[in-house]
Amino acid sequence: MFNKRIKIKELLATEPQNQQATVMGWVRTFRNNQFIALNDGSTNNNLQVVVELGKFPEELLRRITTSASLKVSGTVVPSLGKGQKMDLKADSIEILGDSDAEKYPLQPKKHSLEFLREIAHLRFRTNTFGAIFRVRHALAFAVHKFFHEKGFVYMHTPIITASDAEGAGEMFRVSTLPFDNPPRNEDGSIDFKEDFFGRPTNLTVSGQLEGELGATAFGDIYTFGPTFRAENSNTARHLAEFWMIEPEMAFYDLEDNANLAEEFIRYIIQFALDNNREDLEFLDQRLAEEEKQLPQDKRSEMGLIEKLNFVLENSFQRLTYTEAIDILRDSNHNKKKKFQYPITGWGMDLQSEHERYLVEKHFKKPVILMNYPKEIKAFYMRQNDDGKTVAAMDILAPGIGEIVGGSQREERQDKLEQRMKEMHIPAEELWWYLDTRRFGTVPHAGFGLGFERMVLFVTGMNNIRDVIAFPRTPKSAEF
Ligand code: 4AD
Ligand code: MG
């Protein structure tokens, strides 16, 4: 058996009592031919391995270079040096993998996030990305824990689909037809009957419609999987491939939906604070350092952990779309023409600058906007009695903008079919969806949380490319 090691995080939590330990990891630095800072990814804290002078051959010591991988066995003793409570006094050192430190792209100095994106295959080995991805893991785990404890069924909805849930039409085609010479119909159009599935198919933009099928049997379900959008938005908030959590609940109205979303967001933040304190403290400091470079008025009013605690302690501001438009229209910001998209009036879609104004300048806390004009929302949202709005909700977070989109669903078959007709959504293709309204329809609701936007919020990072391992964005699919 090879893997008889203790993880450095676990070892550092023990007391040094001359116990034996074996660790494995990568060299961060090697000082004075004596002190190895070893990191194994379990924590940002390195273990100091002490190499007694004269105990090991010169030839071995020369191979202990930054990023070389080692197996070290020895005795755990109280450290004589400052900054760490223990040292591992090496009895044996085995080089598992050599590394040419001259060619290794990560030098022990500060690299820019832009540069690290170009070497995303190695960036996990930095403290910043170590912390981010351990927090990301904790949040993902907390998602499952939250829903499991509430009796939700985790449902794996399909990734390849023939429907376009959002009606947005910005999808990636899935096909095995030859690009250069696809089979054609007599009128020259492509003959998808010859394609793998015998019809046009796409990567899913959302698991919601299938999720609704599950909710109308299990009561409560959630999905957590990759979703794909071919929208050409090259922003710090958009990915072409992102992960979404979509709970769907039978017997829920819009208010129940908003309550669950708020509870859920708090729960996963609390979980990260409880389980990843060290990493969050690191990210808190990183952000503070970063913001020192900014002019005073561009800095956040709160530190990262302070902000997370604030969200735990304060309820989200709920208001209607109509109220939000009034606030925005009457704002000095609008009057002084500071919005790139001026507020033209009721019915307009909100841009992220408007969302961020509401959250960051006006309310200074997360906001749940409800009851949007039906024209700017999807066909499946429940129509309100005013004939103008639907029971939609978006949750807006400071520094991020929209983090959740959801709604109560239209459970009345006639209303749903009429809305589909108005929006030119072919009922034949969605026969299975409509069946749920035919056979024991119930009030139900759900929402989608963009996982990377949540990770952005919790880590205090600025660019969504830095919170997913290998970002997929327009013109970029390296690694
Ligand atoms: O608002 P959206 O489009 O809603 C839906 O897809 C619904 N079917 C959800 C539901 O009700 N079950 O997307 C939901 C969330 C957004 O609020 C945002 O956080 C995230 O998904 N999102 C993106 N994240 C990263 N990159 C993109 N291109 C995103 N598009 C949406
Ligand atoms: Mg949305």
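Residues numbered from 1 in each chain as written. Chains lettered and ligands numbered in written order. Predicted model: local features only at pLDDT ≥ 70, side-chain atom pairs only at ≥ 80, totals over all residues. Heavy atoms only, no water.

A.B. asks: Any details on the overall build of the protein? Residues and values, ideally.
C.D. replies: Scanning the protein from terminus to terminus reveals 14 helices and 16 strands. For the C-alpha atoms alone, the extent of the protein along its principal axes is close to 85 × 60 × 45 Å. Across the 479 residues of the protein, 50% fall into the buried class. Counting only contacts in the protein whose residues sit at least 6 apart along the sequence, the fraction spanning at least 24 positions is 68%. Taken as a whole, the protein presents about 23900 Å² of accessible surface, with 50% of it coming from carbon and sulfur. (Helix = DSSP H or I, 4+ residues; strand = E, 2+ residues; numbered from the N terminus. Buried < 20%, exposed > 50% of the residue type's maximum accessible area, 1.4 Å probe, protein only. Contact = heavy atoms within 4.5 Å. Areas by Shrake-Rupley, 256 points an atom, 1.4 Å probe, with all protein chains shown as cover.)

A.B. asks: Summarise the sheet that holds strand E14 (residues 389-397); cite the residues concerned and give the values.
C.D. replies: Strand order in the open sheet formed by 8 strands is E6-E10-E11-E16-E15-E14-E13-E12, with mixed pairing between adjacent strands. Two strands bound the open sheet, and with one partner strand each, they are strand E6 (153-154) and strand E12 (317-320). Bridge analysis of E12 against strand E13 (residues 367-373) gives 4 bridges, and the strand direction is parallel. Its bridge partner being in E13, Thr-320 is matched across the sheet by Met-370. (Pairing = 2+ DSSP bridges.)

A.B. asks: Can you lay out the packing of helix H7 (residues 277-292) against helix H8 (residues 304-313) for me, pointing to particular residues and giving the numbers?
C.D. replies: Their axes nearest at 8 Å, the elements H7 and H8 cross at an angle of 120 degrees. Contacts from Arg-277, Leu-280, Glu-281, Leu-283, Asp-284 and Leu-287 in H7 reach Leu-304, Ile-305 and Leu-308 in H8. Across the contact of H7 with H8, the residue classes tally to 6 nonpolar, no polar and 3 charged. (Axes fitted to C-alpha atoms, helices over the stretch in contact; angles between N-to-C directions. Nonpolar A, V, L, I, M, F, W, Y, C, P; charged D, E, K, R; others polar.)

A.B. asks: Explain the pairing of strand E16 (residues 444-450) to me, using residue names and the numbers behind them.
C.D. replies: If a strand is regular, its side chains alternate between the two faces of the sheet. A large share of E16 lies buried, amounting to 7 of its 7 residues. Note: strand E11 (residues 241-250) against E16, 5 bridges, orientation antiparallel. The residue of E16 that forms the bridge with Glu-248 is Gly-446. Across 5 bridges, strand E15 (residues 401-408) lies against E16 in antiparallel orientation. Bridge assignment links Gly-406 to a residue of E16, and that residue is Phe-447.

A.B. asks: Which residues make up the side chain of Arg-237, and what values go with them?
C.D. replies: Inspection of the secondary structure puts Arg-237 in the loop between strand E10 (220-228) and E11. Within the buried core, Arg-237 has no salt-bridge partner, and the shortest N-O distance to an opposite charge, that of Glu-360, equals 7.0 Å. Engagement of the side chain of Arg-237 in a polar contact is seen with the backbone oxygen of Gly-399, the distance being 2.8 Å. Look past the residues within four positions of Arg-237 in its chain and what remains in contact with it is Arg-356, Gly-399, Ile-400, Arg-453, Leu-456, Asn-462 and Ile-464. (Lys, Arg positive; Asp, Glu negative; His and termini not counted. Salt bridge = Lys/Arg side-chain N within 4 Å of Asp/Glu carboxyl O. Polar contact = N/O pair within 3.5 Å; in protein donor to acceptor, adjacent residues only side chain to side chain.)

A.B. asks: Describe the pattern of salt bridges, and please don't skip the residues or the numbers.
C.D. replies: Inspection of every chain in the model, using the stated rule, returns 30 salt bridges. Residue Asp-191 is joined to Lys-193 by a salt bridge in which the shortest nitrogen-to-oxygen separation is 3.6 Å. A residue is classified by how much of its surface remains accessible, and Asp-191, at 12% relative accessible area, is buried. With relative accessibility at 64%, the residue Lys-193 sits in the exposed group. Note that Arg-286 and Glu-290 form a salt bridge whose closest N and O atoms lie 3.4 Å from each other. Of the two residues, Arg-286 and Glu-290 are both situated in helix H7; the distance of 4 residues between them amounts to about one turn of the helix. What makes Arg-286 buried here is its relative accessible area of 10%. Exposure remark for Glu-290: the relative accessible area of 31% places this residue in the partly exposed category. Here the salt bridges do not stand alone but share partners, grouping Glu-212, Glu-248, Arg-409 and Arg-437 into one network.

A.B. asks: Can you tell me about the pairing of E10, naming the residues and giving the values?
C.D. replies: By the criterion of burial, E10 is predominantly enclosed, with 9 of the 9 residues buried. Both E6 and E10 contribute to a ladder of 2 bridges, which runs parallel. Residue pairing in the sheet places Val-153 in a bridge with Ile-221 of E10. Sheet topology note: the E10/E11 ladder contains 9 bridges and is antiparallel. When the sheet's bridge partners are listed, Ile-221 is paired in E11 with Glu-248.

A.B. asks: How would you explain the packing of aromatic side chains if you had to name every residue and give the values?
C.D. replies: Under the defined criterion, the tally for this structure stands at 22 aromatic pairs. Aromatic pair Phe-147 and Phe-264: ring centres 4.9 Å apart, planes at 40 degrees, arrangement tilted. In this pair, Phe-147 is assigned in helix H4 (residues 127-149) and Phe-264 in helix H6 (residues 254-275), connecting sequence segments 117 residues apart. Taken together, a centroid distance of 5.0 Å and an interplanar angle of 65 degrees make the contact between Phe-224 and Phe-451 edge-to-face. (Phe/Tyr/Trp six-rings, centres within 6.5 Å; stacked < 30°, edge-to-face > 60°.)

A.B. asks: If you had to explain unusual backbone geometry to someone new, which residues and values would you point to?
C.D. replies: For Asn-33, which is not glycine, the phi dihedral falls at a positive 55 degrees. Position of Asn-33 among the secondary structure elements: in the loop between strand E1 (20-31) and strand E2 (35-39). Overall, Asn-33 belongs to the partly exposed group, its relative accessible area being 32%. Phi angles above zero are rare outside glycine, and His-424 is one such case at about 55 degrees. Take His-424: it is sitting in the loop between helix H12 (413-422) and helix H13 (431-438).

A.B. asks: Tell me about the sheet that holds strand E9 (residues 201-203), and please be specific about residues and values.
C.D. replies: The 3 strands lie next to each other as E7-E9-E8, forming an open sheet whose pairing is antiparallel. Two strands bound the open sheet, and with one partner strand each, they are strand E7 (160-161) and strand E8 (173-174). When E8 meets E9, the two strands line up antiparallel, connected through 2 bridges. Opposite Val-174, over in E9, you have Thr-201 as the bridge partner.

Coordinates in, geometry out; function isn't part of it.
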